[in-house]
Amino acid sequence: YKVVDPKPDAQNVDIDLSIRNINNAKLGGLSSLNTIDIEIRSVTFIANWTGLVFGSESDRWTADTSKTNVSVGGGEIDSTVRLSISVPRDPYNGSCYVSVSALPRDDPLAQPAFLGVYVYVTKVAGVAVTTLAPIRQNGAPTDILTYSFEVLNTGNGKDTYSFTTK
């Protein structure tokens, strides 16, 4: 997993992947090449304050691989594939799960191998309070005066606020 701080601009998280060909064995010192297809299966954001999938935030995240396939000999590894996850500007607090599959192209019996990567967005708290008119009021003893204000959560997660008067 990778941890990122929320930023006002989009950012990328790059992760190098190693794809290993386990379906073809080396015979007599020779290795046959096998094409392995690489696919992003899902990009899902889980909000930290609910533990549930947050669809509209999931839609803001994208992921891509530098290659859609590699040719690898039996038992060999290709480490030239890069997974790039685009973190949107001002992301919410939570984690984005990216599922990647690798499947040998010419092996009808092969099952895909899956890799899951989490990108965790740290929580940042923030608040803006605006007093709504009227701000100045006069009152006699025992009068009740009412003041209204607006509280805006400027952070990236769910927060609880309490206010006191003096």
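Every value quoted in this text rests on a predicted model; they were computed, and no experiment measured them.

S.K.: Teacher, can you tell me more about the overall build of the protein here?
M.R.: Counting its secondary structure elements, the protein contains one helix and 10 strands. Element order for the protein, N to C, with α for helix and β for strand: β-β-β-α-β-β-β-β-β-β-β. Taken over the C-alpha atoms alone, the protein extends approximately 100 × 25 × 20 Å along its principal axes. Relative to its full complement of 166 residues, the protein shows a buried share of 29%. Taking all contacts inside the protein whose residues are at least 6 apart in sequence as the whole, residues at least 24 apart take part in 69%. For the protein, the computed accessible surface area is about 11000 Å², with 52% contributed by carbon and sulfur atoms.

S.K.: Is there a simple way to explain the confidence of the model for the protein in this structure?
M.R.: Any region with low pLDDT has predicted coordinates that should not be read closely. Across the protein, the average pLDDT comes to 88, with 95% of residues at 70 or higher. Across the protein, element-level confidence peaks in strand β4 (residues 62–65) with a mean pLDDT of 97 and bottoms out in strand β5 (residues 69–73) with 89.

S.K.: Is there a simple way to think about the packing of aromatic side chains in this case?
M.R.: The relative placement of two aromatic rings is captured by the distance of their centres and the angle of their planes. The tally for this structure, following the rule as stated, stands at six aromatic pairs. One aromatic cluster is present, built from ring pairs that chain together Trp49, Phe54 and Tyr92.

S.K.: Looking at this structure, I do not really get the nonpolar core. What am I missing?
M.R.: Soluble globular proteins tend to bury their nonpolar side chains together. Judged by nonpolar contacts, the single largest core of 24 residues is most densely connected at Trp61, Leu83 and Ile85. Within the residue set of this core, elements represented by two or more residues are β2 (11–20), β3 (33–47), β5, β6 (77–87), β7 (94–104) and β8 (113–121).

S.K.: Quick question: what am I supposed to make of the side chain of Ser58 here?
M.R.: As for its position among the elements, Ser58 is in helix α1 (residues 55–58). Of the polar contacts made by the side chain of Ser58, one reaches the backbone nitrogen of Phe45; its length is 2.7 Å. Residues in contact with Ser58, not counting those within four places in the same chain, are Val43, Thr44, Phe45 and Val53.

S.K.: What's the story with the environment of Thr35 in this structure? I'm lost.
M.R.: Structurally, Thr35 is set in strand β3. A distance of 3.5 Å separates the side chain of Thr35 from the side chain of Ser71, its partner in a polar contact.

S.K.: How should I be thinking about the sheet that holds β2 in this particular structure?
M.R.: What links the strands of a sheet is backbone hydrogen bonding, and the strands pair in either a parallel or an antiparallel sense. As summarised here, the arrangement of the three strands in space is β2-β6-β4, forming an open sheet in which the pairing is antiparallel. Looking at the sheet topology across the chains shown, the edges are occupied by β2 and β4. Strand-to-strand twist in this sheet, taken as the mean axis angle between neighbours without regard to direction, amounts to 20 degrees. Sheet topology note: the β2/β6 ladder contains nine bridges and is antiparallel. Paired with Gln11 across the two strands is Val87, which belongs to β6.

S.K.: Can you help me understand unusual backbone geometry in this one?
M.R.: Of all residues except glycine, most have a negative phi; of all peptide bonds, most are trans. Not every positive phi belongs to a glycine, and Asp90 is a case in point at roughly 50 degrees. Tracing the sequence through the fold places Asp90 in the loop between β6 and β7. For Thr142, which is not a glycine, the phi torsion comes out positive at approximately 75 degrees. Take Thr142: it is sitting in the loop between β9 (127–132) and β10 (148–153). Note on Thr142: relative accessible area 79%, which makes it exposed.

S.K.: Please explain the sheet that holds β8 as it appears in this structure.
M.R.: Judged by pairing direction, the sheet is mixed, and its five strands sit side by side in the order β1-β8-β7-β3-β5 without closing on themselves. Across the chains shown, the open sheet's two edge strands, defined by having one partner strand only, are β1 (2–4) and β5. Ignoring strand direction, the axes of neighbouring strands in this sheet form an average angle of 30 degrees. Of the strand pairs in this sheet, β7 and β8 are connected by nine bridges, and their pairing is antiparallel. By the bridge assignment, Ser101 is partnered in β8 with Phe114.

Rules and cut-offs
- Residues numbered from 1 in each chain as written.
- Predicted model: local features only at pLDDT ≥ 70, side-chain atom pairs only at ≥ 80, totals over all residues.
- Heavy atoms only, no water.
- Helix = DSSP H or I, 4+ residues; strand = E, 2+ residues; numbered from the N terminus.
- Buried < 20%, exposed > 50% of the residue type's maximum accessible area, 1.4 Å probe, protein only.
- Contact = heavy atoms within 4.5 Å.
- Areas by Shrake-Rupley, 256 points an atom, 1.4 Å probe, with all protein chains shown as cover.
- pLDDT = per-residue confidence, 0-100.
- Phe/Tyr/Trp six-rings, centres within 6.5 Å; stacked < 30°, edge-to-face > 60°.
- Core = buried A, V, L, I, M, F, W, Y, C linked by side-chain atoms within 4.5 Å.
- Polar contact = N/O pair within 3.5 Å; in protein donor to acceptor, adjacent residues only side chain to side chain.
- Pairing = 2+ DSSP bridges.
- Axes fitted to C-alpha atoms, helices over the stretch in contact; angles between N-to-C directions.

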